[in-house]
Amino acid sequence: MQGFEKYYRKTWHERLEILNKHTISDEQVKILKDGAKNPELGETMIENFISEYHLPEGVALNLVVNGIEYLVPMATEEPSVIAAASHGGSIVKKSGGFKAETKSRLMIGQVVLENVSDVSEMQKELELLEKDILKVANDAHPSIVRRGGGARSVKLKILADDLLALYLAVDVKEAMGANMLNTMLEATAEFLKSKLKSDVLFAILSNYATDSLVSAKCSIGVETLAKNGVDGCEIARKIAQASRVAQLDPYRAATHNKGIMNGIDACVLASGNDWRAVEAGAHAYAARSGRYRGLSTWNYDEKKQVLEGELTLPLALGSVGGSISIVPLVSVNRQILQNADAKTLGEIVCSLGLAQNLAALYALVTDGIQKGHMRLQLKSLAKSVGATADETKILVKEMEKRKVRDSVHAREILKEMRENRDE
Ligand code: NDP
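Residues numbered from 1 in each chain as written. Predicted model: local features only at pLDDT ≥ 70, side-chain atom pairs only at ≥ 80, totals over all residues. Heavy atoms only, no water.

**Student:** Hey, could you go over the overall build of the protein for me, with residue numbers and the actual values?
**Tutor:** In terms of helices and strands, the protein carries 16 helices and ten strands. Pairs at least 24 residues apart make up 69% of the contacts formed inside the protein by residues separated by at least 6 positions. Of the roughly 22000 Å² of accessible surface on the protein, 53% is carried by carbon and sulfur atoms. Averaged over its 54 positive side-chain charges, the protein has a centre that lies 4 Å from the centre of its 55 negative ones. (Helix = DSSP H or I, 4+ residues; strand = E, 2+ residues; numbered from the N terminus. Contact = heavy atoms within 4.5 Å. Areas by Shrake-Rupley, 256 points an atom, 1.4 Å probe, with all protein chains shown as cover. Lys, Arg positive; Asp, Glu negative; His and termini not counted. Charge placed at Lys NZ, Arg CZ, Asp CG, Glu CD.)

**Student:** I'd like to hear about a nonpolar patch on the surface, residue by residue, with values.
**Tutor:** A cluster of nonpolar side chains, contributed by Tyr53, Leu55, Leu269 and Trp275, occupies part of the molecular surface with about 420 Å² of accessible area. One can find Leu269 in helix H10 (residues 250-270). The exposure class of Leu269 is partly exposed, given its relative accessible area of 33%. (Patch = residues over 30% accessible without salt bridge, like charges linked within 9 Å, V, L, I, M, F, W, Y side chains within 5 Å. Salt bridge = Lys/Arg side-chain N within 4 Å of Asp/Glu carboxyl O. Buried < 20%, exposed > 50% of the residue type's maximum accessible area, 1.4 Å probe, protein only.)

**Student:** Now, about unusual backbone geometry: what can you tell me, with residues and values included?
**Tutor:** Residues other than glycine seldom take positive phi values, yet Asn66 does so here, at roughly 50 degrees. With respect to the secondary-structure elements, Asn66 resides in the loop between strand E1 (57-65) and strand E2 (68-75). The class of Asn66 is partly exposed, set by a relative accessible area of 39%. At Ser80, a residue that is not glycine, the phi angle is positive and equals roughly 80 degrees. Note on placement: Ser80 falls in the loop between E2 and helix H4 (81-94). With a relative accessible area of 14%, Ser80 lands in the buried category.

**Student:** Account for the site of the ligand, naming residues and giving values.
**Tutor:** The ligand sits among 21 residues. The nearest are Ser143, Arg147, Gly177, Asp274 and Gly322. At a separation of 3.0 Å, a nitrogen atom of the ligand approaches a polar backbone atom of Glu174. Ala178 has a polar backbone atom sitting 3.2 Å from an oxygen atom of the ligand. Its free accessible area being 930 Å², the ligand has 68% of it covered by the protein chains. Going through the elements one at a time, helix H7 (142-146) and helix H8 (178-196) are the ones with two or more residues in the shell around the ligand. Per element, the largest residue contribution to the shell around the ligand is four residues, and it comes from H8. Split by residue class, the shell around the ligand holds nine nonpolar, eight polar and four charged. (Near = heavy atom within 4 Å. Polar contact = N/O pair within 3.5 Å; in protein donor to acceptor, adjacent residues only side chain to side chain. Nonpolar A, V, L, I, M, F, W, Y, C, P; charged D, E, K, R; others polar.)

**Student:** Report on the pairing of strand E3 (residues 99-102), specifying residues and quantitative values.
**Tutor:** Side chains of E3 alternate between two faces, with Ala100 and Thr102 buried and Lys99 and Glu101 left unburied. Pairing analysis gives four bridges linking E3 to strand E8 (residues 213-221), with the strands arranged antiparallel. The partner of Ala100 across the bridge, within E8, is Ala216. (Pairing = 2+ DSSP bridges.)

**Student:** Go over the packing of H10 against helix H13 (residues 342-365) with me, naming the residues and quoting the values.
**Tutor:** At their nearest, the axes of H10 and H13 sit 8 Å apart, and the two run at 135 degrees to each other. Considering their axes alone, H10 and H13 lie oblique with respect to each other. As H10 runs across H13, the sense of the crossing is right-handed. Seen from H10, the contacting residues are Arg252, His256, Gly259, Ile260, Asn262, Gly263, Ile264, Cys267 and Val268; seen from H13, they are Val349, Leu352, Gly353, Gln356, Asn357, Leu361 and Leu364. Partitioned by chemical class, the residues of the contact of H10 with H13 number eight nonpolar, seven polar and one charged. (Axes fitted to C-alpha atoms, helices over the stretch in contact; angles between N-to-C directions. Parallel < 35°, antiparallel > 145°, perpendicular 65-115°, else oblique. Left-handed = near helix turned anticlockwise from the far one by under 90°.)

**Student:** Summarise the packing of aromatic side chains; cite the residues concerned and give the values.
**Tutor:** Taken as a whole and judged by the stated rule, the model has two aromatic pairs. Taken together, a centroid distance of 5.0 Å and an interplanar angle of 45 degrees make the contact between Phe4 and Tyr7 tilted. On the numbers, 6.2 Å between centres and 45 degrees between planes, the contact of Trp12 with Phe49 is tilted. A residue pair is termed long-range when its members are at least 10 positions apart, and Trp12 in helix H1 (residues 12-22) and Phe49 in the loop between helix H3 (39-45) and E1 qualify at 37 residues. Residues Trp12 and Phe49 agree in their burial class; the two are buried. (Phe/Tyr/Trp six-rings, centres within 6.5 Å; stacked < 30°, edge-to-face > 60°.)

**Student:** Pulling in residues and values, what's your account of the sheet that holds strand E10 (residues 306-314)?
**Tutor:** Pairing within the open sheet is antiparallel, and its four strands lie in the order E3-E8-E10-E9. Edge strands, defined here as strands with exactly one partner in the open sheet, are E3 and strand E9 (296-301). When the angles between neighbouring strand axes are averaged without regard to direction, this sheet yields 15 degrees. Sheet topology places E9 next to E10; six bridges connect them, and they run antiparallel. Among the inter-strand pairings, Thr297 is bridged to a residue of E10, identified as Glu310. Against the sheet, helix H9 (residues 232-248) makes contact with E9 and E10, and its axis sits at roughly 145 degrees relative to E9, the strand it touches most.

Right under this line is the structure:
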């Protein structure tokens, strides 16, 4: 685009001036400037920095994981998510909280070889080189070895007659490990090129972090589920049935999993971790059977009178690295999270996802989702049609009374309110 040549080389102020000249007003430049609380940091984190995008952050209560109660910081723009997480957490807390475990914490990366003339022969050659490959990978990142981590194993897979993938599993200790792994994989690729004269197509970490699976479980006494005269057993049965639908129908599974990720993403983001990586891994795992399914399952045990929930997903999280140690708000959030190490953070996040899921299913099979969502959504709607803070309260009440939820009605009522006030 004209005027944006070498934009990345400009200073922050120059970038804003160029935008001002071509697209945005003086007032809008002020919004960008006011939004940038720490431009120096922003410039070190991303390219073409112009401002900071702020999301509301709140804290979820009542989350008990492996006997410890946590406050959970959550960054989200969606109404009701934090209320739902706290509600789900409080139901499970009455029955002893979540039990969570981390099966392993290794990151996987791959080197893909192309133009392989005999993939079986190449596989045999690579098998003999396992020790050398591990050494090359570790030599590329000696500091992780000193921390007690490093490359642990090599696996191979024939992808096609001409393509072979090598998977490297690495203990990344407290980091998420993407950059670390990419360094090790690129060194491995160079080694394979020189040793076997292989054509390397690419070398990169995989976000399908199946060696970083985290599980959370809970067992809820059905008596705690009773609501407005509806028997807890009936609610437990319906929650289990809704979970069954998420196993059978991808249309439901996608929404079921979106609800889980409402909680997971919000905490992953607040903890300074890479939520796109977590999202990618979660949805790939949901489709591991060849069909996209709900990530969590709920079963109603009629004999024991309990509702049992379980959620397992890959969670490649870190307590160091990336933006974690450089963004001041992240260190506050880490303090709220009791400075959880990477393993504990994964267990908190997984439990939070299950709490979120429980609250969503509970609302779905009792009052419906809209009731809980509505108040905050009506507030946003009132704001979007131009209501002031004082007007918003009255407008929301009036919309609830008249059972309307759209901007046409909101504008009409606001107009009425203002006319009545001016008379
Ligand atoms: P860093 O590159 O920041 O590496 C973490 C560093 O933390 C290590 O190199 C290590 O350096 C240091 N460290 C300090 N204490 C420890 C400890 N106890 N355990 C482990 N390391 C420690 O981050 P990651 O490699 O974790 O990569 C995460 C970042 O990569 C994220 O920002 C992510 O968004 C991004 N990314 C993600 C991709 C993806 O998901 N596909 C692709 C590319 C990037 P030292 O030992 O030298 O002190």
